[in-house]
Amino acid sequence: MLIAIAAVGITVFCLTLWCSLTVARMQDLPAWRRYLPLSLFLIALTASLLRVFDIPQIANVIASPLNLAVVVTSLYEIRARRRRNRAGLPTG
């Protein structure tokens with residue numbers, strides 16, 4: 001069971017990292033929209049690392065919603081870019 005939980009955690013970590021880095025590489029977005037998912041990811045990672053210092057309450061309250069926000073925001077930006085590319089609109 002512990003291996004399954006670790007696998008899910010690693011998968012969520014990799015998904016959020018991939019999503020946030022993908023959006024951060026989009027040069028046609030304003031800087032705040034490019035780096036919002038990455039900054040939310042780093043805040044969630046920092047909150048998760050508080051478990052090392054025996055403060056799991058903050059991690060439990062903050063980390064999961066922020067990771068969800070990273071994935072939702074990133075997927076929105078990725079899908080919007082794909083729609084613009086399919087429509088032939090300029091990306092600038």
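Before any of the text, the structure's been laid out above.
Quantities reported herein were computed from a predicted structural model and do not represent experimental measurements.

Undergrad: Talk me through the overall build of the protein chain; I want residue IDs and the actual numbers.
TA: Scanning the protein chain for helices and strands turns up three helices and zero strands. Ordered by position in the sequence, the α and β elements of the protein chain form the string α-α-α. For 92 residues, the compact-globule formula gives about 12 Å, and the C-alpha radius of gyration of the protein chain, at 15 Å, lies well above that figure. Along the first, second and third principal axes, the C-alpha set of the protein chain runs to 50 × 25 × 15 Å. Counting all 92 residues of the protein chain, 27% fall into the buried class. Sequence separation of 24 or more characterises 58% of the internal contacts of the protein chain that already satisfy a separation of 6 or more. Counting every atom, the protein chain has about 6400 Å² of accessible surface; 71% of that belongs to carbon and sulfur.

Undergrad: Would you mind going over unusual backbone geometry in detail, with residue names and values included?
TA: Note on backbone geometry: most residues besides glycine have negative phi, and most peptide bonds are trans. At Asp54, a position not held by glycine, the phi torsion is positive, near 60 degrees. Inspection of the secondary structure assignment puts Asp54 in the loop between helix H2 (31–49) and helix H3 (56–87). You can call Asp54 exposed: its relative accessible area is 65%.

Undergrad: So what's going on with the side chain of Arg34? Residues and values would help.
TA: Residue placement: Arg34 occurs in helix H2. Buried charge without a partner: Arg34 forms no salt bridge, and the closest opposite charge is Asp28, 7.5 Å away. Only 3.1 Å separates the side chain of Arg34 from the side chain of Gln27, close enough to count as a polar contact. Beyond its immediate sequence surroundings of up to four residues, Arg34 is in contact with Val23, Ala24, Met26, Gln27 and Leu29.

Undergrad: Outline the environment of Arg51, listing residues and values.
TA: If you trace the backbone, Arg51 turns up in the loop between H2 and H3. When its relative accessible area of 44% is taken as the criterion, Arg51 is described as partly exposed. Residues within four places of Arg51 in sequence aside, it is in contact with Pro56, Ala59 and Asn60.

Criteria and cut-off values
Residues numbered from 1 in each chain as written. Predicted model: local features only at pLDDT ≥ 70, side-chain atom pairs only at ≥ 80, totals over all residues. Heavy atoms only, no water. Helix = DSSP H or I, 4+ residues; strand = E, 2+ residues; numbered from the N terminus. Rg over C-alpha atoms; globule rule 2.2 N^0.38 Å. Buried < 20%, exposed > 50% of the residue type's maximum accessible area, 1.4 Å probe, protein only. Contact = heavy atoms within 4.5 Å. Areas by Shrake-Rupley, 256 points an atom, 1.4 Å probe, with all protein chains shown as cover. Lys, Arg positive; Asp, Glu negative; His and termini not counted. Salt bridge = Lys/Arg side-chain N within 4 Å of Asp/Glu carboxyl O. Polar contact = N/O pair within 3.5 Å; in protein donor to acceptor, adjacent residues only side chain to side chain.

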